[in-house]
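# Fold and geometry: a report
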Amino acid sequence: NAPAIGLPHEAVYERVGNGVVVDRVTGRAWQADVPASAVTQAEAAALCEGLDLGGWGDWRLPSRLELVSLVDDTRNKPAIDPIFGDTPSEFFWSATPVPGRPGEAWYVGFAFGFVFSHDVTKPARVRCV
């Protein structure tokens, strides 16, 4: 939760090492800076699995819930804490498939923080966890 709105579990982020932001509430480490181009969901998963950043080699594509946890409802374009750098106001892949809809997965739009389903063969951005 954004500190400005007074809800429990206020967001606390810290940049540690080169290119990593740690969420001090959940303990998750996030890729701070994102690749410049959009990719399919399979390519996004492969990018995360192959990532070696901040001394960690166990990066993965986040679940829908994990990715939504980064949305800051007090901001827009992008709806994310500025500690994450130049996050584009675009859609980011999650690893979560859409039930009953083969070939689709959830993604989060960081212009306003909306969640949508999308064809996994279409391009979107990636931020690894």
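Just above, that's the structure.
In this report, the structure presented in the accompanying data block is examined.

Here is what the cut-offs are and how they apply
- Residues numbered from 1 in each chain as written.
- Predicted model: local features only at pLDDT ≥ 70, side-chain atom pairs only at ≥ 80, totals over all residues.
- Heavy atoms only, no water.
- Phe/Tyr/Trp six-rings, centres within 6.5 Å; stacked < 30°, edge-to-face > 60°.
- Lys NZ or Arg CZ within 6 Å of the ring centre and 35° of its normal.
- Pairing = 2+ DSSP bridges.
- Helix = DSSP H or I, 4+ residues; strand = E, 2+ residues; numbered from the N terminus.
- Axes fitted to C-alpha atoms, helices over the stretch in contact; angles between N-to-C directions.
- Contact = heavy atoms within 4.5 Å.

Once that is clear, we can look at the packing of aromatic side chains. Given two aromatic rings, their pairing is described by the distance between the two centres and the angle made by the two planes. Following the criterion strictly, the structure yields eight aromatic pairs and no others. Ring geometry for W56 against W59: centres 6.1 Å apart, planes inclined by 75 degrees, an arrangement best described as edge-to-face. By way of ring pairs, the aromatic residues F91, W93, Y107, F112, F114 and F116 are connected into one cluster. Just above the ring of W106 sits the side chain of R64; from NZ or CZ to the centre is 4.8 Å.

A separate point is the sheet that holds strand β5 (residues 104-109). Sheet strands pair via backbone hydrogen bonds, and the direction of the pair is either parallel or antiparallel. Pairing is antiparallel in the open sheet, where three strands are placed in the order β4-β5-β6. Of all the strands in the sheet, just β4 (91-97) and β6 (114-119) have a single pairing partner and so form its edges. In this sheet, adjacent strand axes meet at a mean angle of 35 degrees when their direction is disregarded. Against the sheet, helix α1 (residues 41-49) makes contact with β4 and β5, and its axis sits at roughly 90 degrees relative to β4, the strand it touches most.

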